[in-house]
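# Structural features, examined
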Amino acid sequence: MSIPLESVPFSDLLRQPAETTERLAHTRAVRLRRRDAADLVLMSADRATAEGEMVDLTARLLAAAVRRDPDLVRDLLPAVLPWARFLPPADAKQMADEFVSIAEAAASIGNTAAVSQLVTEWRHTAEIHADPDLHRVLSAPSADDFGPVARPAGE
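## A closer look at the sheet that holds strand S1 (residues 6-9)
Remark on secondary structure: sheet strands pair via backbone hydrogen bonds, oriented parallel or antiparallel. Read from one edge to the other, the open sheet built from three strands follows the order S1-S2-S3, with strand pairing classed as mixed. Sheet topology places S1 and strand S3 (40-42) at the edges, where each strand pairs with a single neighbour. Strand-to-strand, the axes of this sheet are offset by a mean angle of 30°, without reference to chain direction. The pairing of S1 with strand S2 (residues 30-33) spans four bridges and is classified as parallel. Residue Pro 9 lies in a different strand from S2, and its bridge partner there is Arg 33.

And the structure:
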């Protein structure tokens, strides 16, 4: 569960930098809302270091626990991610194995984006398994070749 951040317009930081940064004395971080780009998060360097160390420790502890009991994560994932209950047993095992491996690797480089991506991909897989009609359509063999796919813009 994530803790909600205090949210202010990015322009507050530009117009009132001292007042905006002072908010950090009362909250873990401040979300800077931007109109034409992704929001930013402002937090103290000490806090960012501490949170990074906690993520690293948690990933390493999880990996050590799984080495001792390989079924541990697979058994606990549905309690943490209820949608994982829609995954067939083989997929649940694969997700648990990938999660531990990716979490440990991501913590070692200090970038958890790969963990977020993995969870998003598996959540979408669970959504497909949860909807019988969608699952039937997506798992049916395709008789047609739909032709070449255009290269995405910007590549």
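That shown, we press on.
## A few points about the pairing of S2
Only one face of S2 is buried, namely the one carrying Val 30 and Leu 32, since none of Arg 31 and Arg 33 on the opposite face is buried. As paired elements, S2 and S3 share three bridges and run antiparallel to each other. In the sheet register, Val 30 faces S3, and the bridge partner there is Leu 42. In textbook terms, the turn of a hairpin is the stretch between consecutive antiparallel strands, and for S2 and S3 this stretch comprises six residues.

## Digging into the pattern of salt bridges
Following the criterion strictly, the structure yields nine salt bridges and no others. A salt bridge links Arg 47 to Glu 51, with the nearest nitrogen and oxygen atoms 2.9 Å apart. In this pair, Arg 47 and Glu 51 are both assigned in helix H3 (residues 45-68), four residues apart and thus about one turn of the helix distant. Exposure remark for Arg 47: the relative accessible area of 34% places this residue in the partly exposed category. Ionic pairing is found between Lys 93 and Asp 97, a salt bridge with its closest N-O pair at 2.9 Å. Of this pair, Lys 93 and Asp 97 are both found in helix H5 (residues 89-109), four residues apart, which corresponds to roughly one turn of the helix.

## Regarding H3
Between its first and last C-alpha, H3 extends 35 Å over 24 residues, near the 34 Å set by a 1.5 Å rise per residue. When we look at burial in H3, the residues that qualify are Ala 59, Ala 63 and Val 66. For H3, the secondary structure elements touched by its buried residues are helix H4 (72-80) and H5.

What counts and what doesn't
Residues numbered from 1 in each chain as written. Predicted model: local features only at pLDDT ≥ 70, side-chain atom pairs only at ≥ 80, totals over all residues. Heavy atoms only, no water. Pairing = 2+ DSSP bridges. Helix = DSSP H or I, 4+ residues; strand = E, 2+ residues; numbered from the N terminus. Axes fitted to C-alpha atoms, helices over the stretch in contact; angles between N-to-C directions. Buried < 20%, exposed > 50% of the residue type's maximum accessible area, 1.4 Å probe, protein only. Salt bridge = Lys/Arg side-chain N within 4 Å of Asp/Glu carboxyl O. Expected span 1.5 Å × (residues − 1). Contact = heavy atoms within 4.5 Å.

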